[in-house]
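Descriptive structure summary
Next come the chains, spelled out residue by residue.
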Amino acid sequence: MLFRSYIVNLNLQVNSPMSLISLKKIVRLLKDKKVIAYPTEAVFGLGCDPDSEVAFHELLKIKKRPVEKGTILIAANPKQLQPYINIQSLNMQQWLTVLSCWPGPVTFLLPKQSSTPTWLTGKFHSLAVRVSAHPIVIRLCDLYGKPVVSTSANLHGLLPCRTEKEVLERSCGSIARSRSDLCCRCCLMLSLSWATLCL
């Protein structure tokens, strides 16, 4: 299967009306079971709807990552993670320790809910989760109303991508630049970052 991508220049303020329109289009792509590449705290991430097995397996195809390894869920707030993690299995001090590190770049392995899709956890009984401090991730998850799958935007075993250019160069043809009109109309810039949408 070929993947087409659209570069979404995110050079506007996160809360600007134009940025909101573009992020809503990205949310539509997530709802349509598409894979996106977007900036996170440290590197670019590949993401999709955590409840879409179809989208998840497309993400793994792009990354060439085995399903057994599991992935991370990133969220705008801890409440978004509750359907996926078993908070009741933690004592109060453990949960307060987790909360004291969020939002931020800290990822925790927490016990999963019995209803958590196995494709997210791979061979594990826990799920890697993070509440992000990155403004694009926060806005995206807020608009989507739930967390997004996150794994570094690189082929499995290679160095992570830190720029949009690296995402395109290292994707081995899975992600290709498009010059379509949609690209021009959807393109928004949030200072410092780019996101590549894989359709």
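Before any of the text, the structure's been laid out above.
Okay, so let's go over this structure. (Residues numbered from 1 in each chain as written. Predicted model: local features only at pLDDT ≥ 70, side-chain atom pairs only at ≥ 80, totals over all residues. Heavy atoms only, no water.)

Under the criterion given, the structure shown has five salt bridges. Put simply, Asp51 and Lys146 hold a salt bridge, and the shortest N to O gap is 2.8 Å. With a gap of 95 residues between them, Asp51 in the loop between strand E3 (44–47) and helix H2 (53–63) and Lys146 in the loop between helix H5 (135–144) and strand E7 (148–152) connect regions that are remote in the sequence. The exposure class of Asp51 is partly exposed, given its relative accessible area of 38%. Notably, a salt bridge pairs Lys61 with Glu58, separated by 3.5 Å at the nearest N-O pair. Note that Lys61 and Glu58 are positioned in helix H2 at a spacing of three residues, about one turn of the helix. (Salt bridge = Lys/Arg side-chain N within 4 Å of Asp/Glu carboxyl O. Helix = DSSP H or I, 4+ residues; strand = E, 2+ residues; numbered from the N terminus. Buried < 20%, exposed > 50% of the residue type's maximum accessible area, 1.4 Å probe, protein only.)

The next point concerns unusual backbone geometry. What you tend to see is this: most non-glycine residues have negative phi, and most peptide bonds are trans. With an omega dihedral of -5 degrees, the bond running from Trp102 to Pro103 counts as a cis peptide bond. By the secondary structure assignment, Pro103 is in the loop between helix H3 (92–100) and strand E5 (108–111).

Below, the discussion takes up the environment of Ala153. Note that Ala153 resides in the loop between E7 and helix H6 (164–170). Classification of Ala153 by relative accessible area gives buried; the value is 5%. Between the C-alpha atom of Ala153 and that of Gly45, which follows or precedes it by 108 residues, the distance is 4.6 Å.

Taken across its five residues, strand E2 (residues 35–39) has five buried, putting it largely inside the fold. Where E2 hands over to E3, the hairpin turn is made up of four residues, counted between the paired strands. (Pairing = 2+ DSSP bridges.)

This brings us to the pairing of strand E4 (residues 72–75). Consecutive side chains of a regular strand alternate in pointing toward one face of the sheet and then the other. Across four bridges, E4 lies against strand E6 (residues 126–131) in parallel orientation. Paired with Ile74 across the strands is Arg130, a residue of E6. Strand direction decides the pairing type here: E4 and E7, joined by three bridges, are antiparallel. Considered in E7, the bridge of Ile74 is made with Val148.

A separate point is the nonpolar core. Soluble, globular proteins show a tendency: their nonpolar side chains are buried together. By size, the foremost hydrophobic cluster in this structure holds 29 residues, and its most contacted members are Trp102 and Leu110. It is H2 that provides the largest number of residues to this core, a total of five residues. Apart from residues lying up to four places away in sequence, Leu110 is in contact with Ile85, Leu90, Trp95, Val98, Trp102, Ser126, Leu127 and Val129. Counting residues in hydrophobic clusters, the runner-up holds 13 residues, among them Val137, Leu140, Cys141 and Val148. (Core = buried A, V, L, I, M, F, W, Y, C linked by side-chain atoms within 4.5 Å. Contact = heavy atoms within 4.5 Å.)

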